[in-house]
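# Summary of structural features
Single-letter residue listing:
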Amino acid sequence: MHDFSYAAARSLEDAFAADGAASMPIAGGTELLNWLRLGIAAPERVIDLAGVAGLNAIAIDADGLSIGALATLGEVGEHPQVRAHAAALAQACLAAASPQIRNRATLGGNLLQKTRCAYFRAEAPLPWGCNKRLAGSGCAAIEGFNDRHAIFGWTEQCVAVQPSDPLVALAALEAEVTIAGAAGVRSLPVAELHLTQAEAAAEGLDPARAETRLAPGEVITGYRAPLRPGARSAYVKVRERASYEYALVSAAAVIELDAGVISRAAIALGSVAQKPWRLAEAEARLVGLAPTRDSVLPVLRGGFGEARPLSQNRYKIAMAAGAAARAIVEAAA
Amino acid sequence: MDETPGRSRLMLTCEVNGERVATEVEARVTLLDLLRDRLRLTGTKKGCNEGACGTCTVLVDGRRMNSCLTLAVQCNGRKVTTIEGVGAAETLHPVQQAFIAHDALQCGYCTPGQILSAIACIAEGHATDPDTVREWMSGNICRCSAYPQITAAVLDAAGRMEGQGLA
């Protein structure tokens, strides 16, 4: 690891000095330390946010659920009120990483983790092209091993997916992320925090490197999720081993039932794009259906018309539709 | 902001296995490297050095963490427990006794991390049945694949500790 200096933030304002380049914020550090080892980040200074007071609270009030950015995945996942009122989020947190990582990793940092693409996560200097690591160097995955990569929103420059589990649950719960910076505090829907490569290109940004709408010096301070009366939710993660593994695909479902049929549905998919992927049209067509696999699966499969699978990941279409169906069934149970 | 002048060397004060440690350390040094290279506590092992194997697991303020994913300076003012702080040659910890009784190791490289993780798993209340133990011990990889014996040892130790009022 290269040499860098360390500063402990004592206030939120101190954190705004972290521009994401020369100065990187650190909270749990479970992701940042590996960036430093691989050369994904090479800051002159890290700014430790752990000492900033008031950023780790988890509370429910009339407006819904609020979670501070420094709450750990373990704390969120095992919180009785989160489990009771936002089950998908608790399940997503406990499906992420391992118990010891969840004791360090924070909900603020988790959403800012980077892709698990093996071409991206290699030690510098890279022996292959990766536009995310080095602009203009190419994308080794698009013609290489791309079974774990995107089916939505990718461009020729990059086909990476965002691997966060809690992000998918927060998107289906229609949570907002609160962001603070020197210019003030703002919030936006969690589902709009990240950009697909195609969205970045459409906005004139680097499609491989522009991954979020955070500006330099802005930090995530927390999340707010509305808790609709009667809403029930579940998170389903499909992976190659039963625990401690990243998702092949995942799905979060938040549904409401009226007289045994779905009256409202929000579905978000994970590991299919560089952002949580909402199935907006399919959600509307789920209304009026019984929450059973046979009933919802044809509608969910119809939600993949825009999918553009790569040479090795066509399986994700059927797997993601199936995961979404299972999430609906488990939410209704 | 608390920032040490100079470049990257900071004073670190913490407690390791009940003993006060005050040392100067570079910001980039992980807790794992501090323990092994500076404090000569080589019971904590370095496996993958990227958070994938769990063999570097220690307790920080009683909670299990990967010491390879923790900067030493992030432990300022905290209490760290390593395998050297668990049990003694004549009075082994119940988890150590159970690992021996169940033959829960072959090469032994992952064992210090398994023991620390198991102590936390039991304290958290997650050592209730085989499936729950497998899930909550999944952050510790054993390449000799002693998983059935490890699961049995954790459940056995949880029972012994409950009987002794330790869990």
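In this report, the structure presented in the accompanying data block is examined. (Residues numbered from 1 in each chain as written. Chains lettered and ligands numbered in written order. Predicted model: local features only at pLDDT ≥ 70, side-chain atom pairs only at ≥ 80, totals over all residues.)

### Notes on the packing of helix α3 (residues 111–123) of chain B against helix α5 (residues 147–163) of chain B
Residue and element names in this part refer to chain B. At a minimum axis distance of 10 Å, the contact between α3 and α5 shows a crossing angle of 50°. Taken together, α3 and α5 sit at an angle that is classed as oblique. Here α3 runs over α5; the crossing is right-handed. Where α3 abuts α5, its residues Q114, A118, C121 and I122 lie against I150, V154, A157, A158 and M161. Taken together, the residues that form the contact of α3 with α5 break down as eight nonpolar, one polar and no charged. (Axes fitted to C-alpha atoms, helices over the stretch in contact; angles between N-to-C directions. Helix = DSSP H or I, 4+ residues; strand = E, 2+ residues; numbered from the N terminus. Parallel < 35°, antiparallel > 145°, perpendicular 65-115°, else oblique. Left-handed = near helix turned anticlockwise from the far one by under 90°. Contact = placed C-beta atoms within 7 Å. Nonpolar A, V, L, I, M, F, W, Y, C, P; charged D, E, K, R; others polar.)

### Some points on the interface of chain A and chain B
Residue-level contacts link 26 residues of chain A with 28 residues of chain B. The biggest single contributor to the side of chain A that touches chain B is strand β1 (residues 5–8) of chain A, with four residues. Split into classes, the residues belonging to the side of chain A that touches chain B amount to 12 nonpolar, eight polar and six charged.

### Some thoughts on the packing of helix α11 (residues 293–301) of chain A against helix α12 (residues 315–332) of chain A
When two helices pack together, their arrangement is captured by the angle between the axes and the distance separating the axes. All names here are of chain A. Two elements in contact, α11 and α12, have axes whose closest approach is 9 Å; the angle formed by their N-to-C orientations is 140°. Overall, the two elements α11 and α12 adopt an arrangement that is oblique. In the packing of α11 onto α12, the handedness of the crossing is right-handed. Contacts between α11 and α12 pair R293, V296, L297, L300 and R301 from the former with A321, A324, A325, I328 and V329 from the latter.

### Remarks on the environment of A:Q312
All names here are of chain A. Within the secondary structure layout, Q312 lies in the loop between α11 and α12. When the 14 C-beta atoms within 10 Å are taken as the criterion, Q312 is described as partly exposed. The residues touching Q312, leaving out its near neighbours within four places in the chain, are F145, N146 and D147. (Buried ≥ 20, exposed ≤ 12 C-beta atoms within 10 Å, placed from the backbone.)

### A short note on the nonpolar core
The biggest cluster of nonpolar side chains holds 163 residues, and the ones touching the most others in it are A:A88, A:A172, A:A252, A:A253, A:A324 and B:V154. In terms of residue count, the dominant contributor to this core is α12(A) (nine residues). In this view, A:A324 contacts A:A251, A:A253, A:I267, A:L269, A:L279 and A:L300; residues no more than four positions away in its chain are not counted. (Core = buried A, V, L, I, M, F, W, Y, C linked by C-beta atoms within 7 Å.)

### Remarks on the sheet that holds strand β3 (residues 19–26) of chain B
Residues and elements named next belong to chain B. Read across the sheet, five strands follow the order β3-β2-β6-β4-β5 without closing on themselves; strand pairing throughout is mixed. Among the strands making up the open sheet, the edge pair consists of β3 and β5 (63–66). In this sheet, adjacent strand axes meet at a mean angle of 40° when their direction is disregarded. As paired strands, strand β2 (residues 9–16) and strand β6 (residues 79–81) are joined by two bridges and run parallel to one another. (Pairing = 2+ DSSP bridges.)

### Some thoughts on helix α1 (residues 31–38) of chain B
Note: α-helices contain 3.6 residues per turn, so residues at a spacing of three or four share the same orientation. Residues and elements named next belong to chain B. Looking at α1, one finds that the buried residues are L31, L32, D33, L34 and L35. In this structure, the buried residues of α1 make contact with β3. The positive-phi residue at the C-terminal boundary of α1 is R40, with phi of around 60°.

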